[in-house]
Amino acid sequence: MSTETIDLKTRLVTDFYAREAVMNGEAQSEFHQTKRQALGIFEDRGFPTPRNEEWKYSNVRDLISHQYQFAGEHAVTEEVIDSLRIANLTGNILYIVNGRFEEKLSTIVSPADQLQIKPLHEAIKERPELVSTYFGQLAKSESDSFTALNTAFAHDGVFIHVPAGKVVDHPVIIRFISDARAENVGSNPRNLFIVEQNAQVKIAESYRTIGEERSFTNTVTEIFVAESANVEYYKVQNEAEKAYHVGTTHVRIVDNSHFYSATVSLNGGFIRNNLNIELDGQHCEAFMYGLYFPDGKQHVDNHTLADHRKPNSYSNELYKGVLRDRSTGVFNGKIFVRQDAQKTNAYQSCKNVVLSPDATMNTKPQLEIYADDVKCSHGTTTGQLDEEALFYMRSRGISKNEAMTLLMYAFCEDVVSQIKIDAIREHLEGVITEKLTKK
Amino acid sequence: MLKINDLRASIEGKEILKGINLEVKPGEVHAIMGPNGSGKSTLASVLAGREEYEVTGGAVEFSGKDLLEMAPEVRAAEGIFLAFQYPVEIPGVTTINFLKTAVNEIRKYQGLDPLDAAQFLKMVREKAKMVNMNDSLLKRALNEGFSGGEKKRNEIFQMAVLEPKLAILDETDSGLDIDALRIVSEGVNKLRTPERATIVVTHYQRLLDYIVPDYVHVLYKGRIVKSGPKELALELEEKGYDWIKAEVEAETAQ
Ligand SMILES: Nc1ncnc2c1ncn2[C@@H]1O[C@H](COP(=O)(O)OP(=O)(O)OP(=O)(O)O)[C@@H](O)[C@H]1O
Ligand SMILES: [Mg+2]
């Protein structure tokens, strides 16, 4: 009888059918059929357990043992937004609060001929040809339960279209806010970015929580980078202790295009990031940088994939982490080089500093190479701070704590310096220094 | 200033220093020589506070305080400086940033206000000039990719900036070309004042031509087995260590 006895999956499935029942004609639309199919998959599979190899080290038991209010009301005002502002950050700044695109809070500065930004549900109506061509091409419900769940509830989120040849001079910053002040909240933001030939754009996703209750964010982003286009994509997570985040980004790049990404997990109770890049063209390049600092009992899991499908392309990946207290980290980096993808260059490296005997880091590089003329390398290291360096610094009068902070900061700097939106990089430098000096 | 009394230290259960006695007074320069592996760097490291070494006996007093009780950074703030035999490379931390942190942490310990950026830069430029250190090295990551000589020069430069009471130079001459040797020695000599003291660890007399010591000590198998005036260094250069080893063996045989 009471809601507590109903598990999260049942509750979500029930919600879906309740909403469908009041949909009238729209329930027959092609888009709704996709959603219904996704729901079927989710209903069938349920949430993953550690028996699923992809979720071996990331147990969602705690995440699914709570209820969340999805797409609920919130009381996020201009004032609240002001308190979250990043100094000197200008550009197209969008707010998605509890999964809803808040146009009133958002600012778009780029001219419409350079950049089209819409809530996804509007794009479905206004740009059906684009949505039906691209939506779900990369994020397949059958491959992952969280993607199926997100697809079943896909409604709001950000649609971005950059027409051919346009260079968007202002970055697009999408701020996902979970307002968990009143109750546990959940959201399934769904983003679709289409960047046409020769176009260029910088996009950042930033995640924040306000309030003390739990939040569950299940984001799916699909990014299509056409010939000779250039996309920079940043993801910054600075959520609360009780925040659960599952975020999946799929990217397809084709001939001569560039995709450049950095994923920075500053804070959050449970974080799982999937970043899958299809290199489906020649002479294209993908860069993946990552940085994470779990402390307390936080968990951060990064799964990445560089899927080389055509010859002569390049991917380079560097993930770094500092783990403290009882935190846990996972890095699973796959490189596929398909038979056709001769002359591929693919590099991967994951380096970790584990500062506490109770913290653990699991790393698993996976290389599957079916072409014979390729250059691939991978390496992972997990260790402590360099004792020699610490002593050297202390012998010059620098306290142990300060020396550790300097060394950790230096360790992170390789990744931080890759963030090319100045205001975001400077903001991160501040937050990272603060986090590293804490305790 | 520095009083070492029967100091014993070991690493991984192996005793390296087997009862060192040494007194250094303000204004003095002491040279420590001795065969490879005799414990010279160990002594230097123990004085600087390297934690891997376990002090198993004896005492060290520095300016009237118990040195062995202090953390390495406190020793530095109290005025001890070790120029490393093998300076450490620290990627990602620039020399200038590192030194600024060091200077201001020491000033904080001494109850002084931090130097502002302009004051600090001015001071650093002067000191860099004094040891002929190229400004471009200051902006690079600490010792990363520095040549052997550049690393040694960087040690002396740091010493010039930190102005220690007691500087311990561990084979700062090795890896230096003749010009660098002269410049580094001049740097050391400029810092020579009646209040400051220096311990120079070296294998070569030629350094002592520039930095003329008041005393020369021979460290062998963890003990100071011979001490003498600066002429002792010349004798060692000429005759090697065999005669000293023979003397020691004869004594222990008794
Ligand atoms: N970490 C360590 N583990 C084991 N033995 C060590 C360690 N560090 C030093 N030793 C040993 O202690 C002894 C003294 O070493 P130390 O470096 O002090 O010699 P040294 O007199 O400075 O020699 P050199 O002239 O070659 O610089 C050597 O036998 C060395 O192998
Ligand atoms: Mg030595």
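Just above, that's the structure.
Residues numbered from 1 in each chain as written. Chains lettered and ligands numbered in written order. Predicted model: local features only at pLDDT ≥ 70, side-chain atom pairs only at ≥ 80, totals over all residues. Heavy atoms only, no water.

## A look at helix H9 (residues 231-239) of chain B
All names here are of chain B.
- Of the residues making up H9, those classed as buried are Leu232, Ala233 and Leu236. On an axial view of H9, the arc spanned by its buried residues comes to 100°, and they lie on one face.
- Looking at the buried side of H9, the elements it contacts are strand E3 (29-33), helix H8 (205-210), strand E11 (215-220), strand E12 (223-228) and helix H10 (242-253).
- After H9 finishes, the residue Gly240 shows a positive phi value of roughly 75°. (Buried < 20%, exposed > 50% of the residue type's maximum accessible area, 1.4 Å probe, protein only. Helix = DSSP H or I, 4+ residues; strand = E, 2+ residues; numbered from the N terminus. Arc of directions from axis to C-beta. Contact = heavy atoms within 4.5 Å.)

## Overview of the coordination of the magnesium ion (ligand 2)
All names here are of chain B.
- The protein atoms that coordinate the magnesium ion (ligand 2) are Ser41 (OG) and Gln85 (OE1), at distances of 1.9 to 2.2 Å. One end of the pair, Ser41, is in helix H1 (residues 40-48); the other, Gln85, is in the loop between strand E6 (80-83) and strand E7 (90-94), and 44 residues separate them in sequence.
- With a relative accessible area of 26%, Ser41 lands in the partly exposed category.
- By relative accessible area, Gln85 is classed as buried at 15%. (Donors = N, O, S within 2.8 Å, 3.2 Å for Na, K, Ca; no water.)

## Topic: unusual backbone geometry
All names here are of chain A.
- Phi at Asn88 is positive, roughly 65°, even though this residue is not glycine.
- For Asn88, the location among the structural elements is in the loop between helix H3 (78-84) and strand E2 (92-97).
- A relative accessible area of 66% places Asn88 in the exposed class.
- Positioned with a positive phi, Asn312 is a non-glycine residue whose angle comes to about 65°.
- Secondary-structure assignment places Asn312 in the loop between strand E16 (299-308) and strand E17 (314-323).
- Taking the relative accessible area as the measure of exposure, Asn312 reaches 30% and is therefore partly exposed.

## Side note on the sheet that holds strand E2 (residues 14-24) of chain B
All names here are of chain B.
- Spatially, the four strands line up as an open sheet ordered E2-E1-E4-E5, and their pairing is antiparallel. One side of each edge strand has no neighbouring strand; the edge strands of this open sheet are E2 and strand E5 (65-66).
- Pairing of strand E1 (residues 2-11) with E2 involves eight bridges; the strand directions are antiparallel. Bridging across to E2, Lys3 finds its partner in Glu23.
- Sitting on the sheet, H1 touches E1, E2 and strand E4 (54-62), and the angle it makes with E1 is about 110°. (Pairing = 2+ DSSP bridges. Axes fitted to C-alpha atoms, helices over the stretch in contact; angles between N-to-C directions.)

## Some thoughts on the sheet that holds strand E10 (residues 197-201) of chain B
Residues and elements named next belong to chain B.
- The strand order across the open sheet formed by six strands is E6-E9-E10-E3-E11-E12, and the pairing between neighbours is mixed. Strands at the two margins of the open sheet, each flanked by one partner only, are E6 and E12. Sheet twist, expressed as the average angle between the axes of neighbouring strands with direction ignored, equals 20°.
- Sheet topology note: the strand E9 (residues 166-170)/E10 ladder contains five bridges and is parallel. If you follow Ala167 over to E10, its bridge partner there is Thr198.
- Along the sheet face, helix H6 (residues 148-162) touches E6 and E9 and points at about 170° away from the line of E6.

## Looking at the pattern of salt bridges
- What the rule picks out here adds up to 41 salt bridges over all chains.
- Where Arg125(B) meets Asp135(B), a salt bridge forms, and the shortest distance between an N and an O atom there is 3.6 Å. Separated by 10 residues along the polypeptide, Arg125(B) in helix H4 (residues 117-130) and Asp135(B) in helix H5 (residues 135-139) bring together distant segments of the chain.
- Taking relative accessible area as the criterion, Arg125(B) reaches 47% and is therefore assigned partly exposed.
- Through salt bridges with shared partners, a single ionic network connects Arg252(A), Glu278(A), Asp307(A), Arg309(A) and Arg338(A). (Salt bridge = Lys/Arg side-chain N within 4 Å of Asp/Glu carboxyl O.)

## Re the interface of chain A and chain B
- Chain A puts 16 residues into the contact, and the matching count from chain B is 31 residues.
- The largest per-residue losses of area from chain A upon contact with chain B belong to Phe391(A), Tyr392(A) and Arg396(A), which jointly make up 40% of the total buried on that side.
- Where chain A meets chain B, there are four salt bridges.
- Put simply, chain A and chain B have 11 residue pairs in polar contact (both at pLDDT 80 or more) between them. (Buried area = accessible area lost by both parts, 1.4 Å probe. Polar contact = N/O pair within 3.5 Å; in protein donor to acceptor, adjacent residues only side chain to side chain.)

## Observations regarding the site of ligand 1
Residues and elements named next belong to chain B.
- Taken together, 16 residues sit near ligand 1, with Gly37, Lys40, Ser41, Thr42 and His203 positioned nearest.
- Among the secondary structure elements, those contributing two or more residues to the shell around ligand 1 are E2 and H1.
- For the shell around ligand 1, the element with the highest residue contribution is H1, accounting for three residues.
- Of the residues contributing to the shell around ligand 1, the split by class is four nonpolar, eight polar and four charged. (Near = heavy atom within 4 Å. Nonpolar A, V, L, I, M, F, W, Y, C, P; charged D, E, K, R; others polar.)

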